[in-house]
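Residue strings, one per chain:
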Amino acid sequence: MPEKFGGQIFYSDDEAKKLGLIPSSEEIANAERMFEQFGAARSAAGPAPEGTTPGFGGKFSDDHEGTEFEGWTYQAGQWYDQDGQLVRYNEDGTRA
């Protein structure tokens, strides 16, 4: 059964195969070309304005945006939720 975590849906190998989600070698080669183009554009980008993510900013600046972790911060080795509360988990993985 698919599992949703961090704004993403994860499938088992069998589920992915049944749904046709396994990419072909041509699709993989195309994606690699796109990553190379993206890397070249990123390397060629000039300095970003003060206070933004270098080169791009916007949606590339916060991977948690739009997920259940939006607003979380990581400080001094600890995660804090959107309300500034320290995030703790029980041994079984549930939030304390």
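Calculation notes
- Residues numbered from 1 in each chain as written.
- Predicted model: local features only at pLDDT ≥ 70, side-chain atom pairs only at ≥ 80, totals over all residues.
- Heavy atoms only, no water.
- Helix = DSSP H or I, 4+ residues; strand = E, 2+ residues; numbered from the N terminus.
- Buried < 20%, exposed > 50% of the residue type's maximum accessible area, 1.4 Å probe, protein only.
- Contact = heavy atoms within 4.5 Å.
- Areas by Shrake-Rupley, 256 points an atom, 1.4 Å probe, with all protein chains shown as cover.
- Salt bridge = Lys/Arg side-chain N within 4 Å of Asp/Glu carboxyl O.
- Phe/Tyr/Trp six-rings, centres within 6.5 Å; stacked < 30°, edge-to-face > 60°.
- Polar contact = N/O pair within 3.5 Å; in protein donor to acceptor, adjacent residues only side chain to side chain.
- pLDDT = per-residue confidence, 0-100.

A closer look at the overall build of the protein
Working step 1: On a plain count of helices and strands, the protein comes out with 2 helices and 4 strands.
Working step 2: For the protein, the proportion of its 96 residues judged to be buried stands at 9%.
Working step 3: Summarising the internal contacts of the protein: among those between residues at least 6 apart in sequence, 13% fall at separations of at least 24.
Working step 4: A total accessible area of about 8200 Å² is found for the protein, and carbon and sulfur atoms account for 52% of it.

Quick notes on the pattern of salt bridges
Working step 1: The final tally for this structure, using the stated rule, is 1 salt bridge.
Working step 2: Across the pair aspartate 81 and arginine 95 runs a salt bridge whose closest N-O atoms are separated by 2.8 Å. One end of the pair, aspartate 81, is in the segment after strand E4 (78-80); the other, arginine 95, is in the segment after E4, and 14 residues separate them in sequence.

Some thoughts on the environment of glutamate 70
Working step 1: As for its position among the elements, glutamate 70 is in the loop between helix H2 (25-44) and strand E3 (73-75).
Working step 2: By relative accessible area, which is 41% here, glutamate 70 ends up partly exposed.
Working step 3: When the C-alpha positions of glutamate 70 and aspartate 81 are compared, they lie 8.2 Å apart, and in sequence the two are 11 residues distant.
Working step 4: Leaving out residues up to four positions away in the same chain, glutamate 70 has contacts with His64, Glu65 and Gln82.

Some thoughts on the packing of aromatic side chains
Working step 1: Considering all chains together, one arrives at 4 aromatic pairs under this definition.
Working step 2: Residues phenylalanine 69 and tryptophan 72 carry aromatic rings whose centres are separated by 4.9 Å and whose planes lie at 80° to one another, so their mutual orientation is edge-to-face.
Working step 3: For phenylalanine 69, a relative accessible area of 14% gives the class buried.
Working step 4: With a centroid separation of 6.4 Å and an interplanar angle of 50°, the aromatic rings of tryptophan 72 and tryptophan 79 are classed as tilted.

Considerations on the side chain of threonine 67
Working step 1: Structurally, the position occupied by threonine 67 is in the loop between H2 and E3.
Working step 2: Within polar-contact distance, the side chain of threonine 67 engages the backbone nitrogen of phenylalanine 69 at 3.0 Å.
Working step 3: Those residues in contact with threonine 67 that sit more than four places away from it in its chain are Gly6 and Gly7.

Remarks on the confidence of the model for the protein
Where the model shows low pLDDT, its predicted coordinates should not be examined in detail.
Working step 1: Considering every residue of the protein, the mean pLDDT works out to 82; 82% of them sit at 70 or more.
Working step 2: Considering each helix and strand of the protein separately, the mean pLDDT is smallest for strand E1 (residues 3-5), with a value of 86, and largest for H2, with 92.

Quick notes on unusual backbone geometry
Working step 1: The residue alanine 76 is not glycine, and still its phi comes out positive at about 50°.
Working step 2: By the secondary structure assignment, alanine 76 is in the loop between E3 and E4.

Brief notes about the side chain of aspartate 81
Working step 1: With a relative accessible area of 8%, aspartate 81 lands in the buried category.
Working step 2: Within polar-contact distance, the side chain of aspartate 81 engages the side chain of arginine 95 at 2.8 Å.
Working step 3: Leaving out residues up to four positions away in the same chain, aspartate 81 has contacts with Gly71, Trp72, Val87 and Arg95.

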